[in-house]
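# Examination of the molecular architecture
Letter by letter, the chains look like this.
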Amino acid sequence: MNMFYHVLECRVQQMDLIVRHAHLRNQQGIWDIGITGDRISVIAEKLTDIATEDIDAAGNLVVPTYINGHIHLDKCNLRDKMRPNKTYSWDECLALTWEHKAQYTVEDILDRAGRAVEEGVLNGTTIFRAFADVDTIGQLRPIEGLLALRERWRDVAHIEVVAFPQEGLIRNPGANDLMEEAMRMGADVVGGLPWFEMLDEDVRKHIDWCFELAKKFNKDIHMLLDETVNPLSRSLEYLAVKTMREGYQGRVSASHCVALSTYDEAHARKVMELVKEADISIGSNTHVNLVMQGVFDQEPVRRGITRVKQMWQMGINLFTSQDDYNDPFYPFGRNDQQEVAAYLCHAAHMTGANEIEAAFDFITYNAARALRLESYGLDPGCHANLNVLAAPTVREVLRLQQPPGWVIRQGKMLVHNQLQREFVNH
Ligand SMILES: [Zn+2]
């Protein structure tokens, strides 16, 4: 009997995977990470246990999976078939989307978005918050497409679907009903685009209505705000106050917030204090803002980056993400969060040692907080969703931007990247 229990105990303690010789952020020395099932079970300086499988990190950094908290997977890869974008003005980007949106099919979205997810996972991102347009042009087709995508890729990635009123609510009559239907169909998050409405009073109605919808379905909110260098675009302050009045602190994210960079210092500080009090997470996608903002300016051309560094210094939760990907709004993108963080370091003047570390938090821990993910991180008990990177420090990772050597998802090896480069005839 005792013998039986002993054998059973040994089997229970057998680990499924050990990542050996890992460098960890903010830790001296080299560490082993033991994984049992889909969780991290132990982290120690030297594990003598055996495991079914081993990975040698060779002194490189191991971090939790990257998180892409804002990406338009319904319109990604449209660039492959659309006519050229001449101006990158908001109006032309929208018009180019209209030319395709009415003809979307679920299969077409699954194909274009699937290729983007695949590339993202190869680059170490296994968590995505995907925006689906909900409006009278595409109707519910983008939502159908991304809900199907969520199911098809469930074993490989965690995909959240945001119902996003890309054409506005008040200026697109009928969008409200479609938004409500999108939530009934299973969308995870209520989106919003209030700054795009025509009047200030409509901006507020838009925000009010989104809160009603979110409360009805008990869902979080993620709005795209003030994506313009127009200093009169002021939806962020109202969103912050509304968040507090509705008791939604910690459940709201706001991406872009470009106009904040144009307010005078006194007003900007007031707005940022409200954002902090409301515990709103701010998403900045600097590479897209650099392309799309100030396109009609003569020198000096406004750069259109929100106050990333100031807000970070104030303790506001910042994150960064791909946003647009090979689509009418942005001609590039590899769905690589390392690239996205590196762009932010340049555009937001965050190149000091602790600032580069902070930018890396923007694609990991801060994004996890924005999405309110549970058991994310590198502690025993956390989900074993890890990247074994190709360099030993955060700065080297962002400088070299090589894909992770290994991507581990739910305790299993999912991706192995091998970079082979060599001189010939030298
Ligand atoms: Zn966006």
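Residues numbered from 1 in each chain as written. Predicted model: local features only at pLDDT ≥ 70, side-chain atom pairs only at ≥ 80, totals over all residues. Heavy atoms only, no water.

## Things to note about the nonpolar core
Stated formally: What we call a nonpolar core is a set of buried Ala, Val, Leu, Ile, Met, Phe, Trp, Tyr and Cys residues that are connected through their side-chain atoms within 4.5 Å. Relative accessibility under 20% of the residue-type maximum defines a buried residue, over 50% an exposed one, and the middle range a partly exposed one, all with a 1.4 Å probe and only protein chains included. Residue ranges for the domains originate in an automatic or database domain assignment. Whether two residues are in contact is decided by their heavy atoms: any pair within 4.5 Å suffices.
Core analysis: the largest hydrophobic core is formed by 91 residues, its most contacted members being Leu73 and Ile282. Three or more residues apiece are contributed to this core by two domains, here domain 1 (2-64 + 377-416) and domain 2 (66-370). Discounting residues that sit within four places of it in the chain, Leu73 has contacts with Ile109, Ala113, Ala116, Val117, Ala130, Phe131, Leu146 and Leu149. Counting 17 residues, the second-largest nonpolar core is a separate cluster that includes Ile40, Ile55, Val388 and Ile408.

## As for the coordination of the zinc ion
What counts here: Note on donors: an N, O or S atom is included if it sits within 2.8 Å of the metal, or within 3.2 Å for Na, K and Ca, and water is never included, so sites can look incomplete. Runs of E in the DSSP output that reach at least two residues are strands. Runs of H or I that reach at least four are helices, and both are numbered from the N terminus.
For the zinc ion, the full set of protein donor atoms is His70 (NE2), His72 (NE2) and Asp323 (OD), and the range of their distances to it is 2.1 Å. Read in sequence order, the donor residues for the zinc ion give the motif H-x1-H-x250-D. Taken as a pair, His72 in the loop between strand S6 (66-71) and helix H2 (90-101) and Asp323 in the loop between strand S13 (318-320) and helix H11 (337-347) lie far apart in primary sequence, 251 residues in all. The pair formed by His72 and Asp323 is uniform in burial state, with each residue classed as buried.

## Structural notes on the domain arrangement of the protein
Interface size is often expressed as the accessible area that is lost when the parts come together. Here is the rule: Buried area adds together the accessible area that both of two parts lose upon being put together, with accessible area traced by a 1.4 Å probe. By convention in these notes, a salt bridge is any Lys or Arg side-chain nitrogen within 4 Å of a carboxyl oxygen on Asp or Glu. Any pair of nitrogen or oxygen atoms within 3.5 Å is treated as a polar contact; in protein, a donor-acceptor pairing is required on top of that, and neighbouring residues in sequence qualify only through side-chain atoms on both sides. Classification used: nonpolar for Ala, Val, Leu, Ile, Met, Phe, Trp, Tyr, Cys and Pro, charged for Asp, Glu, Lys and Arg, polar for all others including Gly.
Domain annotation of the protein identifies domain 1 (2-64 + 377-416) and domain 2 (66-370). Here domain 1 and domain 2 have C-alpha centroids that lie 32 Å from each other. Across the contact, 19 residues belong to domain 1 and 24 residues belong to domain 2. Taken together, both faces of the contact between domain 1 and domain 2 bury some 1800 Å²; the carbon and sulfur share is 59%. Per-residue buried area on domain 1 facing domain 2 is highest for Arg25, Leu398 and Arg409; these three make up 34% of the total on that side. Joining domain 1 to domain 2, the criterion identifies two salt bridges. Close ionic contact of Arg25 with Glu357 constitutes a salt bridge, the shortest N to O distance being 2.9 Å. At the junction of domain 1 and domain 2, the tally comes to six residue pairs in polar contact (both at pLDDT 80 or more). Contributions of two or more residues to the side of domain 1 that touches domain 2 are made by strand S5 (62-64), helix H14 (394-400), strand S15 (406-409) and strand S16 (412-416). At four residues, H14 tops the list of elements feeding residues into the side of domain 1 that touches domain 2. Of the residues belonging to the side of domain 1 that touches domain 2, the class tally is 12 nonpolar, four polar and three charged.

## Focus: helix H8 (residues 265-277)
Applicable threshold: In this scheme, a helix's expected span is set at 1.5 Å multiplied by one less than its residue total. Taken from the helix axis, the directions to the C-beta atoms give the arc we talk about.
For H8, which comprises 13 residues, the first-to-last C-alpha distance of 18 Å matches the rise-based estimate of 18 Å (1.5 Å per residue) to within 8%. Looking only at H8, the buried set comprises His267, Ala268, Val271, Met272, Leu274 and Val275. Buried residues of H8, viewed axially, fall in a sector of 155°; they line one side. In this structure, H8 carries Ala266 and Glu277 as exposed residues pointing more than 90 degrees from its buried face. Taken together, the buried residues of H8 touch helix H7 (235-245), strand S12 (281-284) and helix H10 (308-314). A side-chain oxygen of the first residue of H8 lies 3.0 Å from the backbone nitrogen of Ala266; this N-cap is Asp264. Backbone geometry just after H8 places Asp279 at a positive phi near 55°.

## With respect to the environment of Arg20
Its location among the elements puts Arg20 in strand S1 (residues 15-22). For Arg20, a relative accessible area of 15% puts it in the buried group. With 44 residues separating them along the chain, Arg20 and Pro64 place their C-alpha atoms 15 Å apart. Non-local contacts of Arg20, meaning those with residues more than four positions away in its chain, are made with Trp31, Asp32, Leu47, Asp49, Ile50, Asp54, Ile55, Asp56, Ala57 and Ala58.

## Structural notes on helix H4 (residues 141-152)
The first and last C-alpha atoms of H4 sit 16 Å apart over 12 residues, in line with the 16 Å expected at 1.5 Å per residue. Buried within H4 we find Pro142, Ile143, Gly145, Leu146, Leu147, Leu149 and Arg150. On its buried face, H4 sits against helix H3 (106-122), strand S7 (125-133), strand S8 (158-164) and helix H5 (175-185).

## Thoughts on the packing of helix H6 (residues 200-217) against H7
Rules: A fitted line through C-alpha atoms serves as each axis, taken over the contacting stretch for helices, and the angle formed by two N-to-C directions is quoted from 0 to 180°. Whether a crossing is left-handed or right-handed is set by the direction in which the near helix is turned from the far one by less than a right angle, anticlockwise for left-handed and clockwise for right-handed.
Packing of H6 against H7 leaves a shortest axis separation of 10 Å and a crossing angle of 35°. You can see that H6 and H7 cross each other, and the crossing is right-handed. Contact with H6, carried on its side by Val203, Arg204, Ile207, Asp208 and Phe211, involves Ser235, Tyr238, Leu239, Lys242 and Thr243 of H7 and no other residues of that element. Across the contact of H6 with H7, the residue classes tally to five nonpolar, two polar and three charged.

## A few points about the sheet that holds S13
The following threshold applies: Each pair of strands is called paired provided DSSP finds at least two bridges between the two strands.
On the basis of which strands lie adjacent, the open sheet formed by eight strands has the order S6-S7-S8-S9-S10-S11-S12-S13 and parallel pairing. In this open sheet, the two edge strands, each paired with only one partner strand, are S6 and S13. On average, each strand axis in the sheet is inclined to that of its neighbour by 25°, with strand direction left out of account. As judged from the five bridges shared by strand S10 (residues 220-225) and strand S11 (residues 252-256), these two strands associate in the parallel manner. Residue pairing for S11: Leu225 is matched across the bridge by His256. Its contacts with the sheet place H6 against strand S9 (189-192), S10 and S11, and it is angled at close to 175° to S9.

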